[in-house]
Amino acid sequence: MMHAISLLTGALAGAHAATWGAYKDSIYEGFSGWKVARSIVIGAVAGGLLGPFVVAEAGLPPWLLLLFGCVYVTERGVFELYKTFLRQEDQSKYHIPMQFHVLGHVVESRGARVAAGVALALFLGLVIYVVRSIELPATIIALEVAALIGIAAGLISAIMGAWKDAPIEGFETLKFLRSPTIALAYAVMLAPLTRDLLVLGVASLGYTIASIETYKTFVDGRPPGKFAGKPIQYPALLGRRRRFLPFFAAIWLGIALTAAIAWHAEGMRWILVQLARR
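Residues numbered from 1 in each chain as written. Predicted model: local features only at pLDDT ≥ 70, side-chain atom pairs only at ≥ 80, totals over all residues. Heavy atoms only, no water.

### Some words on the overall build of the protein chain
Secondary structure assignment for the protein chain yields nine helices and two strands. The globule rule puts the C-alpha radius of gyration for 278 residues at 19 Å, and the 19 Å found for the protein chain is close to it. Overall, the C-alpha framework of the protein chain stretches about 55 × 40 × 35 Å when taken along its three principal axes. Out of the 278 residues belonging to the protein chain, those deemed buried represent 42%. For the protein chain, the proportion of contacts with a sequence separation of at least 24, taken over those separated by at least 6, is 80%. Of the roughly 14,200 Å² of accessible surface on the protein chain, 71% is carried by carbon and sulfur atoms. Here the protein chain contributes 25 positively and 17 negatively charged side chains, and the mean placements of these two sets differ by 5 Å. (Helix = DSSP H or I, 4+ residues; strand = E, 2+ residues; numbered from the N terminus. Rg over C-alpha atoms; globule rule 2.2 N^0.38 Å. Buried < 20%, exposed > 50% of the residue type's maximum accessible area, 1.4 Å probe, protein only. Contact = heavy atoms within 4.5 Å. Areas by Shrake-Rupley, 256 points an atom, 1.4 Å probe, with all protein chains shown as cover. Lys, Arg positive; Asp, Glu negative; His and termini not counted. Charge placed at Lys NZ, Arg CZ, Asp CG, Glu CD.)

In structure tokens, the structure reads:
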């Protein structure tokens, strides 16, 4: 049963990411059911694999909440690594190159891109190993430790995003600080639910990505950065893509309800312990 729940949670995380991706990009490159299905399948697989390693303090709701965030990062990470370092594609349709580039100049050599991808994967693996090896002396994660983990997770995302976007769009301080700030907030919210620093950091980053992409897709209203200045190729999808919205909103509502239940169980105890430490 728990394995089935892991698969379902992962599938929902993949579907959530695929929904804003399809809504945002389909009017420029067409709707692809294969891409949506691909995200759902990879999310489900990630959920099944990560489920046993996600440690929650108590009960099913905290575990579901943390697993969803961890799967989100994994699914997005798989696709970003593939698009950046492995996929061979004509980059002229993009304003910002999707393949690995240095200061805006695309690295054409696949071997060089693969080598860069391996180096990044090894670095991230080292970060995971170091964080996993940290042992907490207390029974809960302290507020300042949670904040530090959130900032660190957000910084990794911000640095990689700046590497890709800043050579084309210019460096924006507020945009760079956005991920660390939001990840800090999520880390503090999720801290009562786990004692695993790695799970806390990864889940916080997952919800940070989900929140930022939700804002950029459905609130900000500007074209995706990678398609900035490019003409809309599929105007018929401007209306049809709204069909995604109820499903997308339903997943967010499920996340909010799960978070409320999880916090009701563990949040107050965590707050009282934090106050007692002061």
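### Looking at the nonpolar core
By size, the foremost hydrophobic cluster in this structure holds 40 residues, and its most contacted members are Val54, Leu66, Phe68, Tyr72, Leu190, Leu200 and Tyr207. Every element with two or more residues in this core is listed here: helix H1 (2-29), helix H3 (60-86), helix H5 (143-169), helix H6 (173-190), helix H7 (197-220) and helix H9 (245-277). Leave out the neighbours within four places in its chain, and Leu66 touches Val54, Val55, Ala56, Leu190, Leu193, Thr194, Val199 and Ala203. Core analysis: the next-biggest nonpolar cluster, separate from the first, contains seven residues, Tyr28, Tyr94, Met98 and Phe227 among them. (Core = buried A, V, L, I, M, F, W, Y, C linked by side-chain atoms within 4.5 Å.)

### What about the pattern of salt bridges?
Scanning the entire structure with this criterion turns up 13 salt bridges. The closest approach of N and O atoms between Lys35 and Glu29, which form a salt bridge, is 3.4 Å. According to the relative accessible area criterion, Lys35 is partly exposed, its value standing at 34%. Among the ionic pairs, Glu29 bridges to Lys93, the shortest N-O distance being 3.5 Å. Of this pair, Glu29 sits in helix H1 while Lys93 is found in the loop between H3 and strand S1 (101-102), placing the two residues 64 residues apart along the sequence. Overlapping salt bridges, with partners in common, bring together Glu29, Lys35, Arg87, Glu89 and Lys93 in one network. (Salt bridge = Lys/Arg side-chain N within 4 Å of Asp/Glu carboxyl O.)

### With respect to H6
Its 18 residues place the ends of H6 26 Å apart at the C-alpha level, agreeing with the 26 Å of an ideal helix rising 1.5 Å per residue. Along H6, the residues that are buried comprise Phe176, Ser179, Pro180, Ala183, Tyr186, Ala187 and Leu190. (Expected span 1.5 Å × (residues − 1).)

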